[in-house]
Amino acid sequence: MLFFIHKYFRRLMKATGGDKESNKHEQGGENKIEEPSEACATGCCSIPLLNLVESGNTKRQRRATTTRISRLNFVKLTTDSIFPNTNFVNDESLPAFPDAFSSFITVYPQYGETQQADHIRNSEYYHLSSHVCLDYTGFSLFSHTQMHSSVASSSSNPPPSTLLQPPVFSISYQSASLKSQVQYGNQDTALESSIRKRIMHFLNILDDEYSMVCTANRSTAFRLLAESYPFHANKGLLCVYDYESEAVTAMIESAQKRGAKVTSASFSWPSLRIHSGSLMEKLSKRKKKKRGLFVFPLQSRITGARYPYLWMTVAKENGWQVVLDACALGPKDLDTLGLSLIQPDFIICSFFKVFGENPSGFAGLFIKKSSIAMLEPSTIARSIGIVSIIPARRLSQQTDDYSGTDLDAHSSRNQFEEDDIETISSFSGPIPTQICNGSAGADDVFGESAVTEKQKQVKKSNQGESSKAQDEKEETSSSIVELELDHSMQAEETTSGADKSMEIVCRGLDHADSLGLQLISSRLRCITNWLVVALKKLRHPHSESGHSLVKIYGPRIKFDRGPALAFNVFDWKGEKIKPALVQKLADRSNISLSCGFLNNIWFADKYEAEKDKVLERRSSCEITIAGNKKKENVNMGISVVNASLSFLTNFQDAYRLWTFVAKFLDADFVEKERWRYMTLNQKMIEI
């Protein structure tokens with residue numbers, strides 16, 4: 001195994017010229033550099049690990065050659081066939097939708113084979129016909145039709161008594177450490193057990209290899225792991241992110257307070273690929289048995305850049321424990337991962353209720369059972385946000401659910417961190433504006449909880465884990481648990497009987513399963529690459545320097561790029577229009593985008609002159625570990641607009657985004673929108 005890893009990275013270093021980035025691959029896209037990863041037989045995504053199990057050099061070389069030719073042909077077709085020798089200098093010159101779609105189908109006839117996705121969208125997600133949702137990441141549990149079904153009130157066709165009706169579930173906060181929850185929290189309610197099994201089956205995660213803990217959201221999952229990991233012994237925390245993430249920042253802050261030494265991978269300008277030489281050095285420096293945590297996403301949720309799986313294997317070979325961040329992956333991308341070969345120690349995923357409408361949900365922290373023993377008990381971890389999935393009491397609670405997938409929603413007993421929100425995220429669905437911290441909010445949460453033996457065992461375990469020095473800190477948490485149990489005892493008689501026979505249907509997951517990895521990947525590959533080319537065809541008129549309207553960061557035309565784009569819009573003078581303004585104006589056109597901040601960018605010597613022009617300063621105040629004094633933290637990076645596509649995205653969504661961005665070709669577009677907004681007697685957008 002190690003032989004193949006070293007061979008792979010020697011080839012990678014040779015292809016990229018060692019630590020120095022070559023700009024040859026930037027002419028016409030990154031794809032001209034040979035990618036060392038292999039593709040599966042259907043060409044749907046990269047699977048570098050196939051080389052490790054393929055027998056015979058001849059067969060392996062034949063597959064690599066076929067894959068390389070297929071990818072090069074796709075890139076050439078995309079570059080040469082989409083609006084060839086054409087630039088658009090105003091939004092009125094854009095082709096009408098029927099003409100654009102006809103041209104699109106001509107270039108990508110395989111898109112016509114994905115009509116099943118269009119049928120699902122039209123029948124189950126009809127709300128998307130009037131709104132373009134490009135701001136969701138994670139896995140959708142239910143369909144729009146399922147959540148708004150009137151079958152519950154139908155007397156002619158009553159539903160089965162065991163079928164749970166919308167809004168299906170709510171969450172109840174638990175006061176438990178991560179270790180005790182994993183060890184003693186295996187006696188779930190029937191509802192929670194059902195949804196856990198469905199999720200693990202969907203993700204191809206085996207129940208006898210991993211345990212799943214539900215957390216309020218992605219940020220709490222990262223923070224919970226940081227508070228439970230033994231950083232005093234394994235001090236390393238190495239993160240691989242090309243953007244600023246509130247979840248990762250929360251993890252870093254908690255880890256640093258516990259003695260961790262934090263480092264980050266760097267990304268080479270302008271491709272924003274991993275700086276392989278630097279990361280290899282950080283992974284292999286000062287070898288020892290236990291190094292710490294290596295936090296690795298398989299792709300960037302902002303730029304769409306995909307990273308080789310072998311980095312996880314390299315980390316494990318060098319003594320690191322691997323955290324796989326799967327939140328940005330597509331619904332079936334884990335089908336190709338081969339968890340039995342890589343076996344990350346921890347996996348984090350996020351789930352929301354309905355795509356394009358309801359972002360409330362929870363996150364899943366999957367822990368490899370052989371890694372449970374090294375987790376440590378933590379008083380702080382007991383207040384971070386472990387949750388239980390419980391039956392919803394009434395339909396009106398659907399709008400009261402405050403556990404957003406990327407919202408740092410905390411229970412009233414969380415006194416350690418203030419609420420924060422993922423800076424790169426916005427939601428097409430209703431975002432809760434505040435979190436109940438008063439007694440009324442507590443009553444709602446506690447009243448929904450059903451008493452289980454799990455709660456009693458977890459509470460007993462937490463008490464056993466606590467030292468005398470922690471007793472005073474735990475008095476508050478213990479009293480809250482007792483209050484929760486008191487309220488739960490009152491509801492036990494009415495909920496326990498029904499809970500035993502509950503069933504749940506996750507139609508959102510069912511739809512992804514029915515489409516499969518190949519169809520989803522093919523569909524998104526066509527739409528994403530078309531959108532990249534179409535945006536680059538927009539150019540300002542009468543510009544002496546020929547300024548492009550749009551600049552795209554990271555991968556451009558590429559066969560195996562992820563379905564996400566990071567871009568900025570520039571005016572005719574070449575000055576960047578603030579991403580937040582672009583996002584607000586897009587929202588007026590019923591297009592939901594998000595904003596992000598790219599960082600950890602490394603510039604080779606030949607790009608040093610661009611560094612000051614490209615990077616911008618972003619200052620923030622952070623609380624220091626000692627003395628609670630604030631200090632200014634200056635972060636250098638690039639603020640960008642982000643569009644994230646899902647398997648429900650269709651060509652019309654991409655076309656509507658393209659036509660919206662083209663409006664900025666009008667030099668007076670922003671000013672016209674400002675006055676139009678004022679005329680409608682609404683709050684003026686600040687520029």
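Quick caveat, the model's predicted, so the values are computed rather than measured.

Participant: Can you explain the overall build of the protein? Please cite residues and give values.
Facilitator: The helix and strand inventory of the protein stands at 21 helices and 20 strands. Burial statistics for the protein: of 687 residues in total, 58% are counted as buried. Relative to all contacts within the protein whose residues are 6 or more apart in sequence, the contacts with residues 24 or more apart total 79%. When the accessible surface of the protein is summed, it comes to about 29300 Å², and 50% of that surface belongs to carbon and sulfur atoms.

Participant: Report on the packing of aromatic side chains, specifying residues and quantitative values.
Facilitator: Counted by the stated rule, this structure contains 36 aromatic pairs. Consider the rings of Phe169 and Phe362, whose centres lie 5.7 Å apart with planes at 70 degrees: the pair is edge-to-face. Separated by 193 residues along the polypeptide, Phe169 in strand S3 (residues 169-174) and Phe362 in strand S12 (residues 358-368) bring together distant segments of the chain. A single burial state applies to Phe169 and to Phe362, both of which are buried. A cation sits over an aromatic face here: Lys332 above Phe202, 4.7 Å from the ring centre. Looking at Arg525, its charged tip hangs above the ring of Phe559, at a distance of 4.0 Å from the centre.

Participant: Got a sec to walk through unusual backbone geometry? Specific residues and values, please.
Facilitator: The peptide bond linking Trp269 to Pro270 adopts the cis configuration, its omega dihedral lying at 5 degrees. Although it is not a glycine, Phe83 adopts a positive phi angle of roughly 45 degrees. Inspection of the secondary structure puts Phe83 in the loop between helix H3 (57-81) and helix H4 (97-107). A positive phi is found at Gln343, a non-glycine position, where the angle reads about 50 degrees. Within the element layout of this structure, Gln343 appears in the loop between helix H13 (339-342) and strand S11 (346-354).

Participant: Which residues make up the sheet that holds strand S7 (residues 267-268), and what values do they have?
Facilitator: The sheet built from three strands is open, its strands ordered S8-S7-S18 with mixed pairing. Strands at the two margins of the open sheet, each flanked by one partner only, are strand S8 (273-274) and strand S18 (601-602). Here S7 runs beside S18; their pairing, made up of two bridges, is parallel. Paired with Phe267 across the bridge in S18 is Ile601.

Participant: Before we move on, can you summarise helix H20 (residues 651-662) with the specific residues and values?
Facilitator: Taking 1.5 Å per residue as the helical rise, H20 with its 12 residues ought to reach 16 Å, and the 17 Å between its terminal C-alpha atoms agrees with that figure. Buried residues dominate H20, accounting for nine of its 12 residues. Listed in full, the buried residues belonging to H20 are Phe651, Asp653, Ala654, Tyr655, Leu657, Trp658, Phe660, Val661 and Ala662.

Participant: Would you mind going over the packing of helix H17 (residues 507-536) against H20 in detail, with residue names and values included?
Facilitator: Closest axis-to-axis distance for the H17/H20 pair is 10 Å, and the angle between their directions is 15 degrees. Classified by the angle between their axes, H17 and H20 sit roughly parallel to one another. The two elements H17 and H20 meet at a crossing, and its hand is right-handed. The residues of H20 that touch H17, namely those facing Ile527, Trp530, Leu531, Ala534 and Leu535, are Phe651, Ala654, Tyr655, Leu657, Trp658 and Val661. Grouping the constituent residues of the contact of H17 with H20 by class yields 11 nonpolar, no polar and no charged.

Participant: Provide a residue-level description of the pattern of salt bridges, including the pertinent values.
Facilitator: By the definition in use, this model includes 17 salt bridges. One salt bridge connects Asp513 with Arg198, and the closest N-O pair in it is separated by 2.8 Å. Placement of the pair is Asp513 in helix H17 and Arg198 in helix H8 (residues 190-202), with a sequence separation of 315 residues. Asp513 sits in the partly exposed class, given a relative accessible area of 28%. The exposure class assigned to Arg198 is buried, which follows from its relative accessible area of 16%. Of the charged contacts in the structure, one is a salt bridge between Asp513 and Lys332, with a shortest N-O distance of 2.6 Å. Taken as a pair, Asp513 in helix H17 and Lys332 in the loop between strand S10 (320-325) and H13 lie far apart in primary sequence, 181 residues in all. Look at the salt bridges and you will find they share partners, linking Arg198, Lys332, Asp510 and Asp513 into a network.

Participant: Quick one: what's the story with the nonpolar core, residue by residue and with numbers?
Facilitator: Phe294, Trp530 and Trp658 are the most contacted members of the largest nonpolar core, which has 171 residues in total. Ranked by residue count, the leading element in this core is H17, at 14 residues. Leaving out residues up to four positions away in the same chain, Trp530 has contacts with Ile82, Phe83, Phe104, Tyr108, Phe651, Ala654, Tyr655 and Trp658.

Participant: Talk me through empty space enclosed by the protein; I want residue IDs and the actual numbers.
Facilitator: Under the criterion given, the structure shown has 12 cavities of 30 Å³ or more. Taken as a whole, the second largest cavity holds about 280 Å³ of empty space. Going through the elements one at a time, strand S2 (139-142) and H17 are the ones with two or more residues in the lining of the second largest cavity. The element that contributes the greatest number of residues to the lining of the second largest cavity is H17, accounting for four residues. Considered class by class, the residues forming the lining of the second largest cavity number 17 nonpolar, nine polar and one charged.

Participant: Kindly report on the environment of Thr114, identifying the contributing residues and their values.
Facilitator: By secondary structure assignment, the location of Thr114 is in the loop between H4 and helix H5 (115-124). The buried category is assigned to Thr114, whose relative accessible area is 2%. In contact with Thr114, not counting residues within four places along its chain, are Leu519 and Arg523. Separated by 2.6 Å, the side chain of Thr114 and the backbone oxygen of Tyr111 make a polar contact.

Participant: Account for the pairing of strand S9 (residues 292-297), with residues named and values stated.
Facilitator: Burial runs high along S9: six of the six residues are buried. Of the strand pairs in this sheet, strand S5 (residues 236-239) and S9 are connected by four bridges, and their pairing is parallel. Bridging across to S9, Leu237 finds its partner in Leu293. Judged from the six bridges that link them, S9 and S10 form a sheet pairing that is parallel. Each residue of the ladder has a partner; that of Val295, found in S10, is Val323.

Calculation notes
Residues numbered from 1 in each chain as written. Predicted model: local features only at pLDDT ≥ 70, side-chain atom pairs only at ≥ 80, totals over all residues. Heavy atoms only, no water. Helix = DSSP H or I, 4+ residues; strand = E, 2+ residues; numbered from the N terminus. Buried < 20%, exposed > 50% of the residue type's maximum accessible area, 1.4 Å probe, protein only. Contact = heavy atoms within 4.5 Å. Areas by Shrake-Rupley, 256 points an atom, 1.4 Å probe, with all protein chains shown as cover. Phe/Tyr/Trp six-rings, centres within 6.5 Å; stacked < 30°, edge-to-face > 60°. Lys NZ or Arg CZ within 6 Å of the ring centre and 35° of its normal. Pairing = 2+ DSSP bridges. Expected span 1.5 Å × (residues − 1). Axes fitted to C-alpha atoms, helices over the stretch in contact; angles between N-to-C directions. Parallel < 35°, antiparallel > 145°, perpendicular 65-115°, else oblique. Left-handed = near helix turned anticlockwise from the far one by under 90°. Nonpolar A, V, L, I, M, F, W, Y, C, P; charged D, E, K, R; others polar. Salt bridge = Lys/Arg side-chain N within 4 Å of Asp/Glu carboxyl O. Core = buried A, V, L, I, M, F, W, Y, C linked by side-chain atoms within 4.5 Å. 1 Å grid on protein atoms, 1.4 Å probe; cavity = no way out; pocket = protein on both sides within 12 Å on 5 of 7 lines; lining within 4 Å. Points joined across faces, edges and corners; volume = space filled by probe spheres on them. Polar contact = N/O pair within 3.5 Å; in protein donor to acceptor, adjacent residues only side chain to side chain.

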